[in-house]
Amino acid sequence: MVLPRPGGLRPQGHEKAEELYLKAFQLGVNAGLINYALGVNAFAAGKGDMAAKYLRFARDADKAAYGEKVDALLKRIEAGK
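Q: Go over the nonpolar core with me, naming the residues and quoting the values.
A: Ranked by size, the top nonpolar core spans 10 residues in total: A42, A51, A52, L55, A58, Y66, V70, L73, L74 and I77. Those elements that place two or more of their residues in this core are α3 (48–61) and α4 (63–79). Aside from chain neighbours lying at most four places away, what touches A52 is L74 and I77.

Structure follows, in structure tokens:
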């Protein structure tokens, strides 16, 4: 479900978010954080396979910070297939 934002919905929001997350990664932002954000973004956009890929990268980059969250979201992705 997409919630309206002030000024209306932005259909390109997920694509723009992905672009900005990738730019942040190139600038040196933590790989675990960026991959987790990319995974959540892809999940919200309905791209389960891509979400799972990014989420696994996040878990591999920082298991302590993202392992539990990633595993829970991966279960949701698998249940939705």
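Q: Can you lay out the packing of helix α2 (residues 31–44) against α4 for me, pointing to particular residues and giving the numbers?
A: As a packed pair, α2 and α4 sit with axes 12 Å apart at the nearest point and diverge in direction by 20°. One finds that α2 runs roughly parallel with respect to α4. Read as a crossing pair, α2 and α4 show a hand that is left-handed. In this structure, α2 uses G32, L33, Y36, V40 and F43 to contact α4, whose residues at the interface are Y66, K69, V70, L73, R76 and I77. Across the contact of α2 with α4, the residue classes break down as 8 nonpolar, 1 polar and 2 charged.

Q: Account for α4, naming residues and giving values.
A: Every α-helix winds through 3.6 residues per turn, so residues three or four apart in the chain are directed the same way. Here α4 is 17 residues long and its end C-alpha atoms lie 22 Å apart, about the 24 Å a rise of 1.5 Å per residue gives. Most pronounced at V70, the bend in α4 amounts to some 25°. All buried positions along α4 are accounted for by Y66, G67, V70, L73, L74 and I77.

Q: Which residues make up the environment of G67, and what are the values?
A: Mapped onto the secondary structure, G67 falls in helix α4. On the accessibility criterion, G67 (5% relative accessible area) is buried. Put simply, G67 and R56 are 11 residues apart on the chain and 8.7 Å apart in space, counted from C-alpha to C-alpha.

About the thresholds
- Residues numbered from 1 in each chain as written.
- Predicted model: local features only at pLDDT ≥ 70, side-chain atom pairs only at ≥ 80, totals over all residues.
- Heavy atoms only, no water.
- Core = buried A, V, L, I, M, F, W, Y, C linked by side-chain atoms within 4.5 Å.
- Buried < 20%, exposed > 50% of the residue type's maximum accessible area, 1.4 Å probe, protein only.
- Helix = DSSP H or I, 4+ residues; strand = E, 2+ residues; numbered from the N terminus.
- Contact = heavy atoms within 4.5 Å.
- Axes fitted to C-alpha atoms, helices over the stretch in contact; angles between N-to-C directions.
- Parallel < 35°, antiparallel > 145°, perpendicular 65-115°, else oblique.
- Left-handed = near helix turned anticlockwise from the far one by under 90°.
- Nonpolar A, V, L, I, M, F, W, Y, C, P; charged D, E, K, R; others polar.
- Expected span 1.5 Å × (residues − 1).
- Bend = angle between axes of the 7 residues up to and from the residue.

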